[in-house]
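Architecture at a glance
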Amino acid sequence: MSGKGRPRSFDRDEALRQAMLLFWQKGYDGASLAELTAAMGINSPSLYAAFGCKEALFREAVDLYSATEGIDIWGAFNRPGSVKQAVADFLRASARAFSEPGDPRGCLIVLGALNASETNREVFNDLSARRLAGARQLEERLKAAAEEGELPAAADPAGLAAFIIAVQQGMSVQARDGVGREALLAVADGAMAAWDAMTGRSPAA
């Protein structure tokens, strides 16, 4: 007995990865449907049948980015060790990921839709929510470190999180502008040089 409908003649996972790479390179607005279908190796009806619409495809692409490209970055906070080491690993992993040879430069979640318009408002809101969620995750990690005595009582977890995220997102923009890996790593290390001042800890502590 034949199954209902016609089987897809393409690898959905690979098509999604190609869409992710194009969105990563050009952003939501910059990637046209024609470019997407060409990159994915499918036609428009197949794209709509498999993914629903461009916005839904973009959301899936960002989910894939988070689950693959972002795992080394945010995984820094799941490994054993001090919160200071976790933040250092987070920033250095970001510097490496944003400058990986062969990949688009920078971060899809930071650069995918920097400005809201009538055509991308939901996409912009989704990316903004993802960025804010990451900042909250970092702030919660810092709050936990403060409660456990790993950070001084004078430390401001919210302010420290905002600083770290600003450095990371700035590196994404710099990477897109062509700044090299060594320079990005130097930015990460420079940010960590301010750790004691930002946390209110004596350098000798």
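Residues numbered from 1 in each chain as written. Predicted model: local features only at pLDDT ≥ 70, side-chain atom pairs only at ≥ 80, totals over all residues. Heavy atoms only, no water.

The next point concerns the nonpolar core. In terms of nonpolar packing, the biggest core is built from 60 residues, with F23 and L91 touching the most fellow members. With near-sequence residues (within four places) excluded, L91 lies in contact with I164, V167, Q168, M171, A188, A191 and M192. (Core = buried A, V, L, I, M, F, W, Y, C linked by side-chain atoms within 4.5 Å. Buried < 20%, exposed > 50% of the residue type's maximum accessible area, 1.4 Å probe, protein only. Contact = heavy atoms within 4.5 Å.)

Compared with an ideal rise of 1.5 Å per residue, which puts 19 residues at 27 Å, helix 1 (residues 12–30) spans 22 Å between its outermost C-alpha atoms and falls more than 12% short. Along its length, helix 1 reaches its greatest deviation from straightness, about 80°, at W24. Considered for burial, the residues of helix 1 that qualify are A15, L16, A19, M20, L21, L22, F23, W24, G27 and Y28. Tucked inside the fold, the buried residues of helix 1 contact helix 2 (33–40), helix 3 (44–51), helix 4 (54–68), helix 7 (108–111), helix 8 (121–147) and helix 9 (157–176). At the N-terminal end of helix 1, a side-chain oxygen is found 3.0 Å from the backbone nitrogen of D13, two or three residues along, and the residue is D11. (Helix = DSSP H or I, 4+ residues; strand = E, 2+ residues; numbered from the N terminus. Expected span 1.5 Å × (residues − 1). Bend = angle between axes of the 7 residues up to and from the residue. Polar contact = N/O pair within 3.5 Å; in protein donor to acceptor, adjacent residues only side chain to side chain.)

Attention shifts here to helix 3. Listed in full, the buried residues belonging to helix 3 are L47, A50 and F51. End-on view of helix 3: buried residues confined to an arc of 80°, all on one side of the axis. Turned more than 90 degrees away from the buried face of helix 3, the exposed residues are P45 and A49. Looking at the buried residues of helix 3, the elements they touch are helix 1, helix 2 and helix 4. (Arc of directions from axis to C-beta.)

On to the UniProt feature "domain: HTH tetR-type" (unreviewed entry) in the chain. This chain's UniProt record puts "domain: HTH tetR-type" (unreviewed entry) on residues 9–69. Along residues 9–69 the backbone is 82% helical and 0% strand, and the end-to-end C-alpha distance reaches 27 Å. (UniProt positions renumbered as here; feature names shortened; annotations may be inferred.)

Here the focus is the layout of surface pockets. Its boundaries defined by the atoms lining it, the largest pocket holds a volume of some 350 Å³. In terms of lining, the largest pocket is formed by 20 residues, of which the most central are S66, W74, I109, R130 and G134. For the lining of the largest pocket, the secondary structure elements donating two or more residues are helix 4, helix 5 (71–74), helix 7, helix 8 and helix 9. For the lining of the largest pocket, the leading source of residues is helix 8, giving six residues. Tallied by class, residues from the lining of the largest pocket come to 11 nonpolar, seven polar and two charged. (1 Å grid on protein atoms, 1.4 Å probe; cavity = no way out; pocket = protein on both sides within 12 Å on 5 of 7 lines; lining within 4 Å. Points joined across faces, edges and corners; volume = space filled by probe spheres on them. Nonpolar A, V, L, I, M, F, W, Y, C, P; charged D, E, K, R; others polar.)

On inspection of all chains with the given rule, the structure shows seven aromatic pairs. Their ring planes at 75° and their centres at 5.2 Å tell us that Y28 and F58 sit as a pair that is edge-to-face. Separated by 30 residues along the polypeptide, Y28 in helix 1 and F58 in helix 4 bring together distant segments of the chain. Take Y28: its relative accessible area is 7%, and that puts it in the buried class. On the basis of an interplanar angle of 45° and a centroid distance of 5.2 Å, the ring pair of F77 and F90 is categorised as tilted. Separated by 13 residues along the polypeptide, F77 in the loop between helix 5 and helix 6 (83–98) and F90 in helix 6 bring together distant segments of the chain. Across the pair, exposure class does not vary: F77 and F90 are buried alike. Here the aromatic cluster, defined as three or more aromatic residues joined through ring pairs, consists of F23, Y28 and F58. Geometry around Y28 places K54 over its ring, the cationic atom sitting 4.5 Å from the centre. (Phe/Tyr/Trp six-rings, centres within 6.5 Å; stacked < 30°, edge-to-face > 60°. Lys NZ or Arg CZ within 6 Å of the ring centre and 35° of its normal.)

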